[in-house]
Amino acid sequence: MTKVLVSGATGTIGRPLVNQLKDAGADVRTVTRQLTEPAALRAALEGVEAMFLLWPFASAEGAREVLELIGARRVVYLSSAAARPHEVEIERLIAGTAREWTVLRPHAFAANTLRWAGQVRAGVVRQPRGDAAFSPIHERDVAAVAVRALLEEGHHGAIYTLTGPRPLTQRRQAQAIGAAIGRPVRWEEEPAQEARQRLLGLGWPAPAVEGMLRALSEPAPATQTVREITGAPASTFETWASEHAADFLATMRAARIHAYGDASVITLEETPVPRPGPGQVLIKVAATSFNPSEAGLRMGLLQDVLGLTLPHTLGWDVAGTVVTGAGDFAPGDHVIGLIDGAAAEYAIAEASMLARAPQRIALAQAAAVPVAGLTAWQAVFEHARIGRGSRVLINGAGGGVGLFAVQLARHAGAHVVATAGPRSAAAVRALGADEVVDYTSAPLPGGNDVLINLVADVPASVTRLAERFVSITRPIEHPRAVHFVARNDPGQLAELVALIDKGVVGVQADVRPLQALAELHRAAERGLVRGKVIVKVET
């Protein structure tokens, strides 16, 4: 196992570099402020075979002493394509002391556009020379090349110029950021003299200002070095922008509760965009959905079950687009899942708990699937164990879960008897129910193998209607009855998505906007909501 020391480990390049080195099996040590403290650096270098050097100063003063301590080891130095005098001097010193050395000269980092964040939030980026084109490089690609140079043979004496895959004007970069965050971003040209005075006023040294303006006027062709060294193409700026959308988005709209109570406790407010952790993805939410049990959550009836901390963002179902990828999901992928906090413009989720969204239906419509679909799947296949020739009575087939349960039971080969009110009967029949019983005017039929109960009011007489019972609301008092709460199962969700894409299962849902969520809760409490309702977040 190669022991590698990384300086600047908490910086833009250092963070992905440390992660990639560990993934490659290296024994990684880090050094930050101790770089110019001889005793601390000497201790950190004990047993180290290779070092990644990021020199954090604008001069080469003190570099000789540090490099003498590093000694005859393999060194990978992060220089820059500008090759400023102090960088050239450090390159010369490394070549004279290191056993093996490699110099990385990246062009402009894509991360430099984070300086525009405040202007991006305002919708207008005002900078000089919008038509200046260069190839911004993703910090992850710089790290990937560094890993190869640190751990592999064959890079001694190389000076690698690193860029992104293609030139992109600054104007197009701003537009790409806007596309990533889902908000229009306009470019406004700033005269060079005005930019010069602004930067000097911010404390930039005059040579740095002139160097920056000069660099914007010089052509910067793309290189293929990243692909040549790593075997994979350099990431596009659009990919970088998608992965860093949260860094440009200070806040988002979210439907939250700060206290338990009636629907008036739901507020639509600005809240910080969540930042995904390891193994998590950031999702730009297209839609969530309303589930009747969320009214109970809002009223505080599920405190003991869920253990929520207030304030809490509502929404369990999510359908949206991956912004920051993880696991099997990359930016741009459409996903669905059962999560917390989906009633917002952005949400985070464990990548392992998501499934790819169905392609046959609109992305927003797919928000109807996770909670209702998983509940129906587990009721039909796990607990009712319905098979070909079974006779199943689905009580409450017109609700969100019922619409999926009818189709899944029919797909399993059962004879489906469904109860529904006059408003839902036609929809239930269209989804494949063999018999539809109007529960408002007719008794529930008996002679069933299994009864799946999806309604809150369960009369004791239902125990005479079937041999086995499954309920998702109140327990049914019977020795062959099962009461369950659906669990999150992305594998089952993926199977359900496959049936949707094959046309076996259809998705029906009404649509309401996020700002109408409180009114939707009120309507549900008055019994005015039928079927499944999605809550559209994207405008």
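The shown structure was predicted, so the numbers you read here are calculated from the model rather than taken from an experiment.

So, the sheet that holds strand S21 (residues 435-438)
On the basis of which strands lie adjacent, the open sheet formed by 6 strands has the order S21-S20-S19-S22-S23-S24 and parallel pairing. A strand with exactly one partner marks an edge of an open sheet, and here the two such strands are S21 and strand S24 (481-483). Strand-to-strand twist across the sheet, computed as the mean angle between neighbouring axes with direction ignored, equals 15 degrees. Here strand S23 (residues 466-471) pairs with S24 via 3 bridges, running parallel. Paired with Ser471 across the two strands is His483, which belongs to S24.

Some points on the packing of aromatic side chains
On inspection of all chains with the given rule, the structure shows 5 aromatic pairs. When the ring of Trp55 is compared with that of Phe57, the centres are 5.3 Å apart and the planes differ by 75 degrees; the resulting orientation is edge-to-face. The exposure class of Phe57 is partly exposed, given its relative accessible area of 40%. Ring-pair connections join several aromatic residues into one group, and the members of that group are Phe237, Trp240 and Phe248.

Description of the sheet that holds strand S8 (residues 158-162)
The parallel open sheet is built from 6 strands, whose spatial order is S2-S1-S3-S4-S5-S8. Each of the sheet's edge strands pairs with one partner strand only, and the pair in question is strand S2 (27-31) and S8. Looking at each pair of strands side by side, their axes are set apart by 15 degrees on average, direction ignored.

Considering empty space enclosed by the protein
A water-sized probe rolled over the atoms picks out the places where empty space is left. Under the definition given, this model contains 4 cavities of 30 Å³ or more. The calculated volume of the largest cavity comes to roughly 40 Å³. Forming the walls of the largest cavity are Gly400, Leu403, Phe404, Gln407, Leu431, Gly506, Val507, Gln508 and Lys532. Considered class by class, the residues forming the lining of the largest cavity number 4 nonpolar, 4 polar and 1 charged.

Concerning the pairing of strand S20 (residues 415-420)
Within S20, 5 of the 6 residues are buried, leaving the element largely enclosed by the surrounding structure. Relative to S20, strand S19 (residues 391-395) is paired through 4 bridges, and the arrangement is parallel. Across the sheet, Arg391 pairs through a bridge with His415, a residue of S20. Taking the sense of rotation as the criterion, the β-α-β connection linking S19, helix H16 (residues 400-411) and S20 turns out right-handed. When S20 meets S21, the two strands line up parallel, connected through 4 bridges. The partner of Thr419 across the bridge, within S21, is Val437. In this view, the connection linking S20 to its parallel neighbour S21 by way of helix H17 (residues 425-430) has right-handed handedness.

A short note on the packing of helix H1 (residues 14-23) against helix H6 (residues 139-151)
As a packed pair, H1 and H6 sit with axes 8 Å apart at the nearest point and diverge in direction by 45 degrees. By the angle class used here, H1 and H6 are oblique. Crossing handedness for the pair H1 and H6: right-handed. Within the contact between the two elements, H1 uses Pro16, Leu17, Gln20 and Leu21 and H6 uses Glu139, Arg140, Ala143, Ala144, Ala146, Val147, Leu150 and Leu151. Among the residues forming the contact of H1 with H6, the class breakdown is 9 nonpolar, 1 polar and 2 charged.

As for the environment of Arg166
You can see Arg166 is positioned in the loop between S8 and strand S9 (168-169). C-alpha separation for the pair Arg166 and Gln515, spaced 349 residues apart in sequence, amounts to 41 Å. Setting aside anything within four residues of it in sequence, one finds Arg166 in contact with Phe134, Ser135, Ala222, Thr236 and Glu238.

Examining the side chain of Arg73
With respect to the helices and strands, the residue Arg73 is situated in the loop between helix H3 (63-70) and strand S4 (74-78). In this structure Arg73 is buried but unpaired, with Glu46 as the nearest side chain of opposite charge at 6.4 Å. A distance of 3.1 Å separates the side chain of Arg73 from the backbone oxygen of Leu45, its partner in a polar contact. Apart from residues lying up to four places away in sequence, Arg73 is in contact with Leu45, Val48, Glu49, Ala98, Arg99 and Glu100.

Notes on the pattern of salt bridges
Counting across every chain of the model gives 28 salt bridges. Where Glu100 meets Arg99, a salt bridge forms, and the shortest distance between an N and an O atom there is 2.7 Å. Residue Arg99 is classed as partly exposed on the basis of its relative accessible area, which comes to 45%. One salt bridge connects Arg487 with Asp489, and the closest N-O pair in it is separated by 3.2 Å. On the accessibility criterion, Asp489 (19% relative accessible area) is buried. When salt bridges with common partners are traced through the structure, they connect Arg74, Arg99, Glu100 and Glu153 into a single cluster.

Conventions we followed
- Residues numbered from 1 in each chain as written.
- Predicted model: local features only at pLDDT ≥ 70, side-chain atom pairs only at ≥ 80, totals over all residues.
- Heavy atoms only, no water.
- Pairing = 2+ DSSP bridges.
- Helix = DSSP H or I, 4+ residues; strand = E, 2+ residues; numbered from the N terminus.
- Axes fitted to C-alpha atoms, helices over the stretch in contact; angles between N-to-C directions.
- Phe/Tyr/Trp six-rings, centres within 6.5 Å; stacked < 30°, edge-to-face > 60°.
- Buried < 20%, exposed > 50% of the residue type's maximum accessible area, 1.4 Å probe, protein only.
- 1 Å grid on protein atoms, 1.4 Å probe; cavity = no way out; pocket = protein on both sides within 12 Å on 5 of 7 lines; lining within 4 Å.
- Points joined across faces, edges and corners; volume = space filled by probe spheres on them.
- Nonpolar A, V, L, I, M, F, W, Y, C, P; charged D, E, K, R; others polar.
- Right-handed = clockwise from strand over helix to strand, strands pointing away.
- Parallel < 35°, antiparallel > 145°, perpendicular 65-115°, else oblique.
- Left-handed = near helix turned anticlockwise from the far one by under 90°.
- Contact = heavy atoms within 4.5 Å.
- Lys, Arg positive; Asp, Glu negative; His and termini not counted.
- Salt bridge = Lys/Arg side-chain N within 4 Å of Asp/Glu carboxyl O.
- Polar contact = N/O pair within 3.5 Å; in protein donor to acceptor, adjacent residues only side chain to side chain.

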